[in-house]
Amino acid sequence: MIEIRWHARAGQGAKTAAHLFALATLREGRSAQAFPEYGPERRGAPVRAYTRIDDRPIRRHDSVTKPDAVVVLDSSLLADPTVAEGLTPRTVVLADVENPPRFDGTRIVSVPAGRLAAGAGTGFVNLVMAGALAAVLGHPSVEQVGEAAAEALGGKADGDAVRKAVEEGFRWAS
C-alpha cells in the first residue's frame, strides 16, 4: 500500500488533489481512498488530506501516520511539526519551495509549483504537485491525473490549462 499525506491551508486544494489522485488511480484498475482532515474550518487554516493506493481493497480508514509521500502545498507549513511526523528514509517529500529544509534521511523534491501553475495558465498549485507526485511515484499516468483533474475542476478552469498544469509538474519531477 502507498500512503500519501497532503499538507495545505484551507482553500489551496489539498482535498481536491487527494481526490483526483485517487480517481486517476481507480481508472488504472487499482484500489484507492482519499479523504480530508480539517482543523478549524476557516480559510487559511492548516488542513491535511490523505490518499491510499493499493492493488487490493483498502479496509483502513484512519489517518496516514507513516507516509510514503508527503506533499506540501504551502511553504509556510514546512515549519509545522506535523509535516515531519512519521517520516522515514523511504518517504519522499514534495514541497513548493525553492530551498527546502532538511528532514533526516528523507528525500525532498523541490517543485516551483506556483511558477509552473502560472505558466500553465492556472493558479492551481495542487495540480502541478499532483503531476509531480505521479512522476515521483511512477503512477498513475500523467494522462489519467490530467483527466481526473479536468473532471474534478469541472467548470472552474479551462480543461486544457488544467491538463497542462499537471503535465508541467510531471515534467519537472521526471
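(A) Looking closely at the side chain of Asn126. Mapped onto the secondary structure, Asn126 falls in helix α4 (residues 125-137). Apart from the residues lying within four places of it in its own chain, the contact partners of Asn126 are Gln12, Gly13, Thr16, Ala17 and Leu73.

(B) Region of the structure containing the nonpolar core. In terms of nonpolar packing, the biggest core is built from 46 residues, with Ile4, Trp6, Phe21, Leu94 and Val111 touching the most fellow members. Setting aside residues up to four positions removed in sequence, Leu94 forms contacts with Val70, Val71, Val72, Val109, Val111, Met129, Ala132, Leu133 and Val136. Of all hydrophobic cores here, the second largest spans 10 residues; its members include Val72, Leu78, Leu87 and Phe103.

(C) Expanded view of the pairing of strand β4 (residues 69-72). Side chains of β4 alternate between two faces, with Ala69 and Val71 and Val70 and Val72 buried alike. Note: strand β1 (residues 2-9) against β4, four bridges, orientation parallel. Counterpart to Ile4 in the pairing with β4 is Ala69. As paired elements, β4 and strand β5 (residues 92-95) share four bridges and run parallel to each other.

Cut-offs used in this document
One numbering rule holds for all chains: residues counted from 1, following each sequence as written. The predicted origin of the model limits local features to residues at a pLDDT of at least 70 and limits the giving and counting of side-chain atom pairs to 80 or more, whereas totals for whole chains, interfaces and linings rest on all residues. Side-chain numbers come from the whole structure's heavy atoms, not from hydrogens or water. Numbered from the N terminus, helices here are DSSP runs of H or I no shorter than four residues, and strands are runs of E no shorter than two. Between two residues, a contact is recorded if the distance between any of their heavy atoms is within 4.5 Å. Here, nonpolar core means buried Ala, Val, Leu, Ile, Met, Phe, Trp, Tyr and Cys residues that are tied together by side-chain atoms lying within 4.5 Å of each other. Here's how the labels work: a residue is buried when its accessible area is under 20% of the maximum for its type, exposed when over 50%, partly exposed in between, all with a 1.4 Å probe on protein chains only. By definition, two strands form a pair when at least two bridges between them are found by DSSP.

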